[in-house]
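This is what each chain is made of:
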Amino acid sequence: MTAVISDRVPPAVTLRIGGERRTKGASVFNHVSPVTGSVDAEIPLAGVADIDDAVAAAQEGFEIWRRTPGTERARKLFALAELIDANHEEFMRLGMLDNGTAVTTMVTMVPAASSWVRYYAGWADKVPQGRVNTTVMSEGELGYTLRQPYGVIGVIITWNAPLMSLCMKIPAALAAGNSVVVKPSEMTPFSAMLFADLAAQAGIPDGVINVVPGDAEAGSALVGHPDVKLITFTGGPITARKITAQCAETFKPVLLELGGKSANLIFDDANLDEAIPHAAFSSVAAMAGQGCAFPTRVLAQRGVYDQVVSGIAQAAKSYVVGDPFESTTTLGPVVNEAAVERITGMIDRAHLEGARLVAGGSRLGGELKNGCFISPTVFADVSPDSELAQVEVFGPVLAIIPFDTEEEAVAIANSTGYGLSGRIWTNETRRAMRVVEQMITGEVMVNDAKQASVLRPFGGVGHSGLGREGGVEGLEEFLWTKSVAFGGGPR
Ligand code: NAD
């Protein structure tokens, strides 16, 4: 049973720089509720001077944090995980206010987020310390490697799952001994406020986590700052190109978590009772389709194609679109008017490209007309090279494509420039293993395996990004390697 949350007043947003809370930045952003279409908060936005101050505070924080014993860092991160759990309802509320994610989704997202904090807390006193790679050689040298934190990490995140994004990046960076300056999206700053408060309550020293809501100018100032040693970014390709180009000037390392057009392969022998509801919910219901790794292309084998199409269409029509605070709502709005325009534009062009609409297909009116609500939309008979099959929509729109053979399915699955995630439904283990090996994606799930576990590294290839979050790989991204040799042979 989902808790009843009724308070719709957003918290005050401030810049968190060291121990200071700044109520004013360089400008103000009007936060518009995607549910009502009205301004519900004024957000102070960091300017270049605020970014400079935040980086200076993070530099001081780093000097403290890097000398804090791993066991102590672990203790504080474990305390943060506990506090996130203890504030479960407030994080659900803030998630709904940030971007309209439905309460029925937020209820599972908060524990998922705290599991990332807890996992990296466990690594803080076990950071891989490098290897002794040479014992006393004939020359008498002793060699070993040190794994060291970079220093100040610039964390730039997007708006679709703010708490989750914070937890996928910050705990790993901190467990490795770094400090961070976090720039949440100007559109979704609320969850980051509580996260910063709880980090302080958990005993993480001032300056180790600095939070500066801001726009592109603030983001660019953070990326270009000489004392920021690595950028970890989650967002879209246009921004990713700009950030990468800026980082190239000083050869600053950059981790990129970008978009996807993930394929969901349903073979004739699949368990359709599981595959159909999963395929529908994970593409057009969860987070109103605004998830980077969601399987937004279903590739269904000809023998089950009609059944898959009608089953998914039926499921999509059964979802309740509406107020995210209502416990009966399956999906809330998309993030803003610009998103509505982009998504409805793609729906219009899908019709023109000959795809067959089997569910949804429009913005919702009536009581929902002032908000950004789009009905869960499913197109069948989508051509694999059409826009809808090739370009990320980032909204509740699914493309279903038929295939005949395994080879054809793999070719279609690999035909976009993206490579984030993939899923296969089959009861034949050998086929699953063959297809897994051929899919050019950062992860592949088979049948009903869970997505996005902190235990496994997550990230893309190709246009989906660089680097990994999750697993020990996610920790190692925040460490650099120093090779050391001691002379000392007989003289
Ligand atoms: P975006 O790229 O426009 O913005 C993301 C962040 O970058 C925001 O904080 C923004 O203020 C900042 N920014 C904008 N211009 C900047 C600049 N020049 N320099 C530095 N920072 C700048 O975000 P978007 O495109 O609306 O986000 C949606 C995308 O995010 C989708 O493509 C989605 O797939 C992707 N995404 C990926 C993951 C993942 O983990 N792989 C997760 C969620 C979302």
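Up top is the structure.
Asker: I tried to follow the overall build of the protein on my own but got confused; where do I start?
Answerer: Each helix and strand in the protein was counted, giving 15 helices and 19 strands. The globule rule puts the C-alpha radius of gyration for 491 residues at 23 Å, and the 23 Å found for the protein is close to it. In terms of overall dimensions, the protein has a C-alpha envelope of 80 × 60 × 45 Å along the principal axes. Counting every position in the protein, which comprises 491 residues, the buried fraction comes to 58%. Put simply, of all contacts in the protein between residues at least 6 apart along the chain, 73% involve residues at least 24 apart. Put simply, the protein shows about 19,600 Å² of open surface, and 55% of that area lies on carbon and sulfur atoms. Positive and negative side-chain charges of the protein, numbering 39 and 54 respectively, have mean locations separated by a distance of 4 Å.

Asker: I'm lost on helix α5 (residues 162-175) in this one. Help?
Answerer: For the α-helix, the turn length of 3.6 residues means that residues three or four positions removed from each other point alike. The end-to-end C-alpha distance of α5, which contains 14 residues, comes to 20 Å, matching closely the 20 Å that a straight helix rising 1.5 Å per residue would cover. Phi turns positive one or two residues past the end of α5, at G177, with a value near 105°.

Asker: What's the story with helix α8 (residues 237-250) in this structure? I'm lost.
Answerer: The terminal C-alpha atoms of α8, which comprises 14 residues, lie 21 Å apart, in line with the 20 Å expected from a rise of 1.5 Å per residue. Residues of α8 that are buried: A240, I243 and C247. Relative to the axis of α8, the buried residues are bounded by an arc of 70° and lie together on one face. Opposite the buried face of α8, by more than 90 degrees, sit the exposed residues I238, R241, K242 and E249. Those residues of α8 that are buried are in contact with β6 (152-156), α7 (216-224), β9 (228-234) and β10 (254-257).

Asker: Just to check I follow, could you spell out the sheet that holds strand β12 (residues 297-301) for this structure?
Answerer: Sheet strands associate in pairs through backbone hydrogen bonding, adopting either a parallel or an antiparallel arrangement. With mixed pairing, seven strands are arranged side by side in an open sheet as β13-β14-β15-β12-β11-β16-β17. Looking at which strands have only one partner, the edges of the open sheet turn out to be β13 (356-359) and β17 (445-446). The sheet contact formed by strand β11 (residues 263-266) and strand β16 (residues 422-425) spans four bridges and is parallel. Looking at β16, one finds that A263 is bridged to G422. Helix-sheet contacts for helix α10 (residues 305-318) involve β11, β12, β13, β14 (377-380) and β15 (397-403), and the interaxial angle to β13 is about 50°.

Asker: When you look at the nonpolar core in this model, what are you seeing that I'm missing?
Answerer: Burial of nonpolar side chains together is a common tendency in soluble globular proteins. If you look at the biggest cluster of nonpolar residues, it comprises 72 residues, and the most contacted ones within it are L80, I84, L174, V180, F195, I204 and I209. Once residues within four sequence positions are removed from consideration, V180 is found in contact with A58, I153, V155, I170, A173, L174, V208, I209 and N210. If you look at the next biggest cluster of nonpolar residues, it comprises 66 residues, including L299, A313, I374 and A409.

Asker: What exactly am I supposed to notice about the pairing of β12 here?
Answerer: Regular strands show a simple pattern: their side chains alternate between the two faces of the sheet. Burial of β12 is extensive: five of the five residues sit out of reach of the surface. Of the two faces of β12, the one lined by R297, L299 and Q301 and the one lined by V298 and A300 are each fully buried. Bridge analysis of β11 against β12 gives four bridges, and the strand direction is parallel. Its bridge partner lying in β12, L265 is registered against L299. Once you follow β11 into helix α9 (residues 272-285) and on to β12, the crossover reads as right-handed. In the sheet, β12 pairs with β15 via five bridges, with the strands oriented parallel. Looking at the pairing, L299 lines up with I401 of β15.

Asker: Help me understand the packing of aromatic side chains, please; the structure alone is not making it clear to me.
Answerer: By convention here, two paired aromatic rings are described through the distance between centres and the angle between planes. Scanning the entire structure with this criterion turns up six aromatic pairs. When the centroid spacing of 5.4 Å and the interplanar angle of 75° are considered together, the rings of W159 and F394 count as edge-to-face. Taken together, the residues W159 in the loop between β6 and α5 and F394 in the loop between α12 (387-390) and β15 connect sequence positions 235 residues apart. Like W159, the residue F394 is buried in the burial classification. Aromatic side chains F267 and F403 sit 5.3 Å apart centroid to centroid with 75° between the ring planes, which places their arrangement in the edge-to-face category. Taken together, the positions of F267 in the loop between β11 and α9 and F403 in strand β15 put the pair 136 residues apart, joining distant regions of the chain. Each member of the aromatic cluster is reached from another via a ring pair, and the members are W116, Y119 and Y120. Over the aromatic face of F325 sits the side chain of R8, whose NZ or CZ is 4.2 Å from the ring centroid.

Asker: Is there a simple way to explain the packing of helix α4 (residues 103-123) against α5 in this structure?
Answerer: Each pair of packed helices can be summarised by the angle the axes make with each other and by the distance between the axes. Here α4 crosses α5 at 5°, and the two axes come no closer than 8 Å. If you check the angle between α4 and α5, you find them roughly parallel. Of the residues in α5, those in contact with M109, V110, A112, A113, W116, V117 and Y120 of α4 are L163, M164, C167, M168, P171, A172 and A175. Here the residues of the contact of α4 with α5 are counted per class, giving 14 nonpolar, no polar and no charged.

Asker: In this structure, what is going on with the site of the ligand? I would like to understand it.
Answerer: If you check the shell around the ligand, you find 28 residues, and the closest are I157, W159, T239, L258 and E392. E186 has a polar side-chain atom sitting 3.1 Å from an oxygen atom of the ligand. In isolation the ligand offers 870 Å² of accessible surface; the protein chains occlude 86% of this area. For the shell around the ligand, the secondary structure elements donating two or more residues are α7, β9 and α8. When the residues that make up the shell around the ligand are grouped by side-chain class, the tally is eleven nonpolar, eleven polar and six charged.

Asker: Even after reading the chapter, I still don't get unusual backbone geometry, so can you show me in this structure?
Answerer: Both trends apply: most residues other than glycine have a negative phi, and most peptide bonds are in trans. For N447, which is not glycine, the phi torsion reads 55° and is therefore positive. Along the chain, N447 turns up in the loop between β17 and β18 (465-466).

Asker: Looking at this model, I keep getting lost on the pattern of salt bridges. Mind explaining?
Answerer: Two side chains bearing opposite charge may form a pair once their charged atoms approach each other closely. The full count for this structure, using the stated rule, is 25 salt bridges. Ionic pairing is found between D85 and R118, a salt bridge with its closest N-O pair at 2.7 Å. Placement of D85 in helix α2 (residues 70-86) and of R118 in helix α4 is noted, with a sequence separation of 33 residues between them. Note on R118: relative accessible area 27%, which makes it partly exposed. It is possible to trace a salt-bridge network through shared partners that takes in E20, R22, D50 and D53.

Analysis parameters
- Residues numbered from 1 in each chain as written.
- Predicted model: local features only at pLDDT ≥ 70, side-chain atom pairs only at ≥ 80, totals over all residues.
- Heavy atoms only, no water.
- Helix = DSSP H or I, 4+ residues; strand = E, 2+ residues; numbered from the N terminus.
- Rg over C-alpha atoms; globule rule 2.2 N^0.38 Å.
- Buried < 20%, exposed > 50% of the residue type's maximum accessible area, 1.4 Å probe, protein only.
- Contact = heavy atoms within 4.5 Å.
- Areas by Shrake-Rupley, 256 points an atom, 1.4 Å probe, with all protein chains shown as cover.
- Lys, Arg positive; Asp, Glu negative; His and termini not counted.
- Charge placed at Lys NZ, Arg CZ, Asp CG, Glu CD.
- Expected span 1.5 Å × (residues − 1).
- Arc of directions from axis to C-beta.
- Pairing = 2+ DSSP bridges.
- Axes fitted to C-alpha atoms, helices over the stretch in contact; angles between N-to-C directions.
- Core = buried A, V, L, I, M, F, W, Y, C linked by side-chain atoms within 4.5 Å.
- Right-handed = clockwise from strand over helix to strand, strands pointing away.
- Phe/Tyr/Trp six-rings, centres within 6.5 Å; stacked < 30°, edge-to-face > 60°.
- Lys NZ or Arg CZ within 6 Å of the ring centre and 35° of its normal.
- Parallel < 35°, antiparallel > 145°, perpendicular 65-115°, else oblique.
- Nonpolar A, V, L, I, M, F, W, Y, C, P; charged D, E, K, R; others polar.
- Near = heavy atom within 4 Å.
- Polar contact = N/O pair within 3.5 Å; in protein donor to acceptor, adjacent residues only side chain to side chain.
- Salt bridge = Lys/Arg side-chain N within 4 Å of Asp/Glu carboxyl O.

Honestly, that's just the spatial picture; any functional story needs more than this.
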